[in-house]
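Structure at a glance
Chain by chain, the residues run as shown.
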Protein chains: 2
Amino acid sequence: MASSLLLNRLIKALEIQPGVGVRSATRIAFYLLDRRREDAKALASILSLAMEHIGQCPLCRDYSDDNQICPICASEKRRQSGLLCIVETPLQVQAIEESESFFGQYFILHGHLSPIDGIGPQEIGLDALETRLKSGEIKEVILATNPTVEGDATASYIGSIAKHLGLSVSKIAQGVPIGGDLDNIDSHTLMASLKNRKPL
Amino acid sequence: MASSLLLNRLIKALEIQPGVGVRSATRIAFYLLDRRREDAKALASILSLAMEHIGQCPLCRDYSDDNQICPICASEKRRQSGLLCIVETPLQVQAIEESESFFGQYFILHGHLSPIDGIGPQEIGLDALETRLKSGEIKEVILATNPTVEGDATASYIGSIAKHLGLSVSKIAQGVPIGGDLDNIDSHTLMASLKNRKPL
């Protein structure tokens, strides 16, 4: 316990960040007080602004300021591609964009189907997705949910809706990661990579 | 890059925290947006309050709200002990308090002498310390600066001032840490522990 009440409250508040326990929070609080007071005030103001004003793009559900349409959805070139990639989180959009290998549009579920937790089709925005799929602009749906039981189940569910609407549906490949050492790859991944082998 | 400008600014601002790089900052920003918006707003408000209102106790220079005298300096019992422990940082006060082995008062240098960086006696508050040592309330000065070249030099400097004023001066023991394995202790520490050996 520090002798300043505000300092104790600050340490407690910093602990809401993932990966920050009481030790790190204490170190961060002292560091900011000691050397970065102005930067810390700027952080406080942008943090409050961000929490207040960051909403979702009405088309892809990615984060966007004041619910504006995001630059990806606004791009005419991407719209003309007719490709829609379904992902679970905004971070996955960033990861795919960084790979510079996809130039279509996205739809973000913000989770996956999980009936046991009360997360059904509505909670992951499937009614909005269906409206979008029916718009006539989308030709192919690419399923890029997480390679987990829940992710795969969610992908199957969405795949069946898209097929029902007459769209082509594909799923990103599952197999051994590039540069990986076969010794260190788990047996489920090896099994998938053998099952999905491609003729040369 | 996320598609929200506010989000990019938030990620950049979160990186001022020690130990938080761009990857962690991104993870923290998405996590707060996704699940902890109210807590993040509370963090923003306490962060701004703390940076504005946390000052220093006028006696020991520990952090205190609005420059009030801190509870340790306000304690009559601690004042009567006549002991003054000199440390480099407020975190060291916390560490010593947690050890529950010292019941005197503190003086915090907020650094150590480092002429090459322009940090002289005035920058670490030695004029305030001298006034305090002359007050007649202090009987023994305990030097607990870091066991580094700069910390030791600073301790010697303060020690000579205190001796000149006729006070007793001591320095915390340097040696092998309790529970440590001798195999893993650096040679400087071993050298110090041999030099400072105590007859049984």
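Residues numbered from 1 in each chain as written. Chains lettered and ligands numbered in written order. Predicted model: local features only at pLDDT ≥ 70, side-chain atom pairs only at ≥ 80, totals over all residues. Heavy atoms only, no water.

1. Considering helix 8 (residues 149-164) of chain B
All names here are of chain B.
- Under the 1.5 Å per step criterion, the end-to-end length of helix 8 is 23 Å for 16 residues, consistent within 8% with the ideal 22 Å.
- Taken as a whole, helix 8 has its buried residues at Gly151, Thr154, Ala155, Ile158, Gly159, Ile161 and Ala162. Mapping the buried residues of helix 8 onto a view down its axis gives an arc of 160°, with all of them on the same face. With respect to the buried face of helix 8, the exposed residues turned more than 90 degrees away are Val149, Ser156, Lys163 and His164.
- Where helix 8 is buried, its residues meet strand 3 (83-87), helix 7 (126-134), strand 5 (140-143) and strand 6 (168-171).
- At the C-terminal side of helix 8, Gly166 shows a positive phi close to 80°. (Helix = DSSP H or I, 4+ residues; strand = E, 2+ residues; numbered from the N terminus. Expected span 1.5 Å × (residues − 1). Buried < 20%, exposed > 50% of the residue type's maximum accessible area, 1.4 Å probe, protein only. Arc of directions from axis to C-beta. Contact = heavy atoms within 4.5 Å.)

2. Quick word on the pattern of salt bridges
- For the coordinates displayed, the defined rule picks out 18 salt bridges over all chains.
- The salt bridge involving Arg23 of chain A is made with Glu98 of chain B; its shortest N-O contact spans 4.0 Å. Taken together, the residues Arg23 of chain A in helix 2 (residues 22-35) and Glu98 of chain B in helix 6 (residues 90-99) connect one chain to another.
- Of the charged contacts in the structure, one is a salt bridge between Asp152 of chain B and Lys171 of chain B, with a shortest N-O distance of 3.1 Å. (Salt bridge = Lys/Arg side-chain N within 4 Å of Asp/Glu carboxyl O.)

3. Section: the domain arrangement of chain A
- Partitioning chain A into structural domains gives domain 1 (5-55) and domain 2 (60-171).
- For domain 1 of chain A and domain 2 of chain A, the distance between their C-alpha centres works out to 34 Å. (Domains from an automatic or database assignment.)

4. Topic: the sheet that holds strand 6 of chain B
All names here are of chain B.
- Ordered in space as 4-3-5-6, the four strands form an open sheet in which the pairing is parallel. Of all strands in the sheet, those with a lone pairing partner are strand 4 (105-108) and strand 6, marking the two edges. Shown here is a sheet whose adjacent strand axes are inclined to one another by a mean of 25°, direction ignored.
- Taken together, the four bridges between strand 3 and strand 5 define a ladder with parallel strand orientation. By the bridge assignment, Leu83 is partnered in strand 5 with Glu140. (Pairing = 2+ DSSP bridges. Axes fitted to C-alpha atoms, helices over the stretch in contact; angles between N-to-C directions.)

5. Quick look at the environment of Ile96 of chain A
Residues and elements named next belong to chain A.
- Here Ile96 is to be found in helix 6 (residues 90-98).
- Taking C-alpha positions, Ile96 is 16 Å from Arg61, a pair spaced 35 residues apart along the chain.
- If we ignore the near neighbours within four places in the chain, the residues touching Ile96 are Cys85, Val87, Ser101, Phe102 and Tyr106.

6. So, the interface of chain A and chain B
- Each partner contributes to the interface: chain A provides 50 residues, whereas chain B provides 50 residues.
- Taken together, the two surfaces of chain A and chain B that pack against each other cover about 5,100 Å², and 69% of this comes from carbon and sulfur.
- A per-residue breakdown of the area chain A buries against chain B is headed by Ile16, Met51 and Tyr63 of chain A, which together make up 15% of the total.
- Counting across the interface, chain A meets chain B through four salt bridges.
- In this assembly, chain A and chain B are joined by 13 residue pairs in polar contact (both at pLDDT 80 or more). (Buried area = accessible area lost by both parts, 1.4 Å probe. Polar contact = N/O pair within 3.5 Å; in protein donor to acceptor, adjacent residues only side chain to side chain.)

7. Let's talk about the pairing of strand 3 of chain B
- Most of strand 3 of chain B sits inside the fold, with four of its five residues counted as buried.
- Between the parallel elements strand 3 of chain B and strand 4 of chain B, the chain passes through helix 6 of chain B in a crossover that is right-handed. (Right-handed = clockwise from strand over helix to strand, strands pointing away.)

8. Digging into the sheet that holds strand 4 (residues 105-108) of chain A
Residue and element names in this part refer to chain A.
- Ordered by their spatial adjacency, four strands build an open sheet running 4-3-5-6, and the pairing between neighbours is parallel. Each edge of the open sheet is held by one strand with a lone partner, namely strand 4 and strand 6 (168-171). Averaged over all pairs of adjacent strands, the angle between strand axes in this sheet comes to 25°, irrespective of strand direction.
- With four bridges joining them, strand 5 (residues 140-143) and strand 6 adopt parallel strand pairing. Paired with Ile142 across the bridge in strand 6 is Ser170.
- Docked against the sheet, helix 6 engages strand 3 (83-87) and strand 4, running at close to 155° with respect to strand 4.

9. Considerations on the side chain of Ser4 of chain B
- The residue Ser4 of chain B is located in the segment before helix 1 (5-14) in this model.
- Polar side-chain contacts of Ser4 of chain B include one of 3.4 Å to the backbone nitrogen of Leu6 of chain B.

10. Structural notes on the relation of the copies chain A and chain B
- Mapping chain A onto chain B is achieved by rotating through 180° and translating by 0.0 Å along the same axis, at an RMSD of 0.1 Å. Taken together, the turn and the small shift mark the pair as related by a two-fold rotation axis. Scanning chain A for the C-alpha nearest the rotation axis identifies Ala44 of chain A, at a separation of 2.1 Å.
- Comparing interface residues between copies, 100% of those in chain A also sit at the interface in chain B, which points to an isologous, same-surface contact. (Least-squares fit on C-alpha atoms with pLDDT ≥ 70 in both.)

11. Describing the confidence of the model for chain A
All names here are of chain A.
- Put simply, chain A has an average pLDDT of 90, and 98% of its residues get 70 or more.
- Mean pLDDT across the elements of chain A bottoms out in helix 9 (residues 187-195) (81) and peaks in helix 3 (residues 37-53) (96).
- Quick note on the complex model: pTM equals 0.78, ipTM equals 0.80. (pLDDT = per-residue confidence, 0-100.)

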